[in-house]
Amino acid sequence: MTAVLLTGARAPATLDLARRFADDGVTVVVADSQPTITAASKAVSAAYRVPSPRFRSDEFAAAVEGIARRHDVDLIVPTCEETFWLAAAADPSAGVPARGRLRELLFAPPPDVLRRLHDKAEFAGLLAELDLPHPLTEVIDSATAWRHRTRARERTREAIAGSHGENLNERTRGAATGSEGGNLNATPPSLPPRLVLKPAFSRFGTRTRVIEPHEPLPHLPRVTRLERWVLQEHVAGQEFCTYAVALDGRLTAFVAYRPVWRAGRGGDTGAGVAFERLDPAAPAMREARRIADRLAEALTLTGQFGLDLIHRPDHPESPVVVLECNPRATSGIHLFAPGDHLARAFLNTPAAPPPLSTPSPPANGRAAARLMGSGGDLPTDSRRADGAQTPPPPIEASHATRRLGLPHAIYPPLAARGAQLSTYVKQLRYPNALRPSEDRIPLASLLRSLAEQLRQARRAHAGLLAASTFDLEWNGEPFPSESPLAPDAQTGAHSERTGWARALVDAIAAEGGVSAAVTNATSELGTVQVGPHELPLTVSTHRRRSGRRGSSSRPRQDGHDAPTANATAVARSQATGASGPTRTSRPAGTPESAETFGSAGTSELAATAHPTANSHPTATANSHPTANSHPTANSQPTATSRPAATAHPTPSYVVSPFTHYVDYAREELGELRSPGVRRAAGLLLRGLGVILDAARVDDVVLVGNGLVSTNLLPNVREREVQEVTARLRHEHPGRAIGWRSVHGRGQLLPDTLRRSGYRLLPSRSVFFVPSRDGGWQGLRDVRRDRALFERSGYVAVPAPIDPRTGASDLATRERIVELYRLLYLDKYSRLNPAYTPAFVAAAQRSGFLDFTLLVRGSGPAAGRIDGVMGTRTAHGFLAAPVFGYDTGLPPETGLYRMLSWLVARKAHDEGAELHASSGVADFKRHRGGEAELEYTAVYVRHLPWRRRAAWGVLETVLTRVAVPLLERYGL
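Residues numbered from 1 in each chain as written. Predicted model: local features only at pLDDT ≥ 70, side-chain atom pairs only at ≥ 80, totals over all residues. Heavy atoms only, no water.

### With respect to the packing of aromatic side chains
- What the rule picks out here adds up to 20 aromatic pairs.
- Seen from their ring centres, tyrosine 653 and tyrosine 664 are 5.7 Å apart, and the 55° between their planes marks the pair as tilted. Residue tyrosine 653 is found in the loop between α17 (569–576) and α18 (657–668), and its partner tyrosine 664 is found in helix α18; the two are separated by eleven residues along the sequence. Assigned by exposure class, tyrosine 653 and tyrosine 664 land together as buried.
- Among the aromatic residues, those joined into a cluster by ring pairs are Phe84, Trp85, Phe201, Trp474 and Phe479.
- For the cation-ring pair, arginine 927 lies above phenylalanine 923, with the distance from its terminal atom to the ring centre recorded as 3.6 Å. (Phe/Tyr/Trp six-rings, centres within 6.5 Å; stacked < 30°, edge-to-face > 60°. Helix = DSSP H or I, 4+ residues; strand = E, 2+ residues; numbered from the N terminus. Buried < 20%, exposed > 50% of the residue type's maximum accessible area, 1.4 Å probe, protein only. Lys NZ or Arg CZ within 6 Å of the ring centre and 35° of its normal.)

Structure, rendered in structure tokens:
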């Protein structure tokens, strides 16, 4: 007897598909990464738990292939979004020869076809290519583009309100809907259109939003090239869906249906839980089938796919509009009865070979012959008079209605009376697809499945529907065989130097150790292997500090404390403390300064206060070394010639969570304008400090920590995280295990760490510039910065390297350290890492950082180094953790603006996205910066409960207090 392996067994559609295969005598084996209801079905012969497709894709593919081999299956039929991960593993371009068996058996299209169907932006383009009716679509791929679109809509609304002398909201509220560029008959033509906004990768409609004419465009959490959104015209009409099976570009099964109740508030949003089959002879349904036929033929499609469509009876020229496609099994499966023989749709042999333009995965004749018992031939009635075979018509469904009993019961109507209640009660008589009389799934299995979804929702910090696909969905992220960064064929500049971490550790050791390189970092430095990546590792030991007063490490300027900030400063400093205090508001006319691309910095659009008698003098031709000079008696003090620090300086935040979350916040207290808020924040911080001090939070090992503000971490896999965590638990049983600089931009790292038992503590709001593309260069402020640099007389040159030492000469390194110190330590906080020339030498010798100098090119000061950026490119990003300039020069020089342009240009040239760190929010937004929340991930499950509880208190304060304030004030 033949066998089939179904993956994604958690889905109710998979349960009915298993029954349909079993009805035709096929042995059914199922697999999923969670306990499933399908495993309890009489139709299933064997059920397996496999690794997560999304987080352990290689192991998942190997497990599926192993199960297929064990049971000698003829087909592997994926039913949910694990389809993408299996298709990627089976793709010949992945270069995995061991996956040949998977390629032979998989009933799914290749990854590039799946993407065109799943990505709503690409699907809209495909529909346009095929001349199929679809909504007008605008693709939003950057926060800058979204801001421009938002402002354009606001200007339109304001102009309309002004021209009519009335309130736009009152005029448009309740207006009938229309469509942009389409049917606007019911909406006054001068009004903004009704729109639909949704992510390019989404499911169940849970993140879809309809924007009424009177509403502004909403804030979007993240918009990137990998996480695009689509803004579409709203198409009025009756929504319906289709489900189809295609084999080599030909439909073999088809049904059109309408979800009449959904798993959401009021039953009208979310995934469908009750369904009615539509008349296949109706004109609209025939048009829907024509559209499905056209798509399958154009893509030479083999696989399952569903369409969401709108029927517009009043538009005879295009009565059916396609909204989106789901390239997987959908709920239409529930409407196929045993006598419909749906299984045959997966195994028929096409009458003619597929077109040569797009190769299709083989659905082999051996499988068809074994199931059909016909030697691979089609039924005799499919032959024409001339003896040639003609494809049989698609199999059609015969069930009129079905519902999913338990989900349907969970989402009753909101109102206890009215038409909605009457509709719901009527649906209770629909046959229950989950528990038909011939295969009653035990209620305990249904409840167990629901409990598992609730557990996953809590673990993923997601809603119930989102959690149901969290560990198998695909949202456009690179597959394991792909690189997130397109290589530069000529320079390969983005490639990370192999062995850099070990080289950095050895170089720092040769310079005298960590304290000789970073005077306020007292940790041990080593390396740790995480999968294929060797990363630096710092090991810190806690030192009692709860009795400290917090403002001692803030430098004073002009006899005053640090600049004034708004009332969110204490929460902001807790959530962004990894990079030092910043300013977000100031009295009119006061210069703005804030963190730049490293830890803290300055905007020279309005520069900092002028030097005082105690500040460093303005650079002159004779007072500072140049790129080629050596120290003289007139050289200014550097980091190595400052007065001696105390025996135990407060450790920098790069090695100390206590400094990160408590000391920086204490420094910010003086910037709070409200005395009451300042006192309350002081009490909160005092209590938090006592708790964290008692819990010894600085007993911590930090993975990937290169002693800099921004660590560029690889997108490591779940198995690798769990292996290194287990190893570090054994080696450091009394220390927390942490990862700094964790973000989710184009990465699964935050979710991977959370799934591995880590807590995600918000650390700061950072900015990314989509510098790979050229769009950012057209922004007004970027153009001005570039023009400023080009007429400034400055040149940007690589720091000269002595081939004998692998580092710059001492004078250059001292100047680099001095420029950094002027900005980060003297201007902002001694809690920033205090680098020495030894660190610069170690960073250069190891290839950890590349230093670029901003040098005066002409005039009396020719050759003088007035700015520096130390950059690192890895894993698709470029960061500049060492950044500085001469703060004594006049503000109108614009050094910060020039350095900002140079670092963005360098990222663009290397094909990387700029990680612009935090601070100067408006400055960076105007230059294409897009905000993201960055985290410190900590693993504390092995620690005593009191220490775990302290980390829990910190997490609560950050997530419940700090982050909401960050979001409220747009920081």
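### Some thoughts on the sheet that holds strand β5 (residues 137–140)
- Reading across from one edge, β5-β8-β6-β7 is the order of the four strands in this open sheet, with antiparallel pairing throughout. At either margin of the open sheet sits one strand with a lone partner, and together these are β5 and β7 (209–211). For this sheet, the mean angle separating the axes of adjacent strands, direction not counted, is 25°.
- Both strand β6 (residues 195–199) and strand β8 (residues 229–233) contribute to a ladder of five bridges, which runs antiparallel. What sits directly across from leucine 195, in β8, is glutamate 233. (Pairing = 2+ DSSP bridges. Axes fitted to C-alpha atoms, helices over the stretch in contact; angles between N-to-C directions.)

### What to know about the nonpolar core
- Ranked by internal contacts, the top residues of the largest apolar core, which has 72 residues, are Phe839 and Phe851.
- If near-sequence neighbours (up to four positions away) are discounted, phenylalanine 851 is found in contact with Val797, Pro798, Ala799, Ile816, Val840, Ala843, Gln844, Val868, Met869, Gly870 and Val882.
- Counting 40 residues, the second largest nonpolar core, distinct from the first, contains Ala18, Val44, Phe275 and Phe346. (Core = buried A, V, L, I, M, F, W, Y, C linked by side-chain atoms within 4.5 Å. Contact = heavy atoms within 4.5 Å.)

### Notes on the pairing of strand β10 (residues 250–262)
- Within β10, twelve of the 13 residues are buried, which leaves it mostly tucked inside the rest of the structure.
- In this structure, the hairpin formed by strand β9 (residues 238–247) and β10 is closed by a connection of two residues, where aspartate 248 is found at a positive phi of approximately 55°.
- Pairing of β10 with strand β14 (residues 395–396), which is carried by two bridges, proceeds in the parallel orientation. Looking at the pairing, phenylalanine 254 lines up with glutamate 396 of β14.
- Strand direction decides the pairing type here: β10 and strand β11 (residues 272–277), joined by five bridges, are antiparallel. In the strand pairing of β11, tyrosine 257 is matched with arginine 277.

### Looking at the sheet that holds strand β21 (residues 794–798)
- Strand order in this open sheet of eleven strands is β16-β17-β18-β19-β26-β20-β25-β24-β23-β22-β21, and the pairing throughout is mixed. In this open sheet, the two strands that pair with only one neighbour each are β16 (524–530) and β21. Strand-to-strand twist of the sheet, defined as the mean angle between neighbouring strand axes without regard to direction, takes the value 30°.
- As paired elements, strand β20 (residues 759–769) and strand β26 (residues 930–939) share nine bridges and run antiparallel to each other. Each residue of the ladder has a partner; that of arginine 764, found in β26, is glutamate 934.
- Strands in contact with helix α20 (residues 718–731) are β16, β17 (533–540), β18 (700–703), β19 (736–742) and β26; relative to β16, the strand with the most contacts, it is inclined by about 140°.
- Sheet strands touched by helix α25 (residues 895–909): β21, β22 (850–856), β23 (865–874), β24 (877–885) and β25 (913–918). Its angle to β24, the strand with the most contacts, is close to 155°.

### Thoughts on the confidence of the model for the protein chain
- In the predicted model, the protein chain carries a mean pLDDT of 81, and 78% of its residues have values of at least 70.
- Confidence, read as mean pLDDT per element, is least for α17 in the protein chain (34) and greatest for β18 (98).
- Long-range and interchain partners of residues 170–189, a stretch whose pLDDT sits below 50, account for 37 contacts in this model, where long-range means more than four residues apart.
- pLDDT under 50 marks residues 483–495. Its contacts with residues more than four places away, or in other chains, come to 17 contacts. (pLDDT = per-residue confidence, 0-100.)

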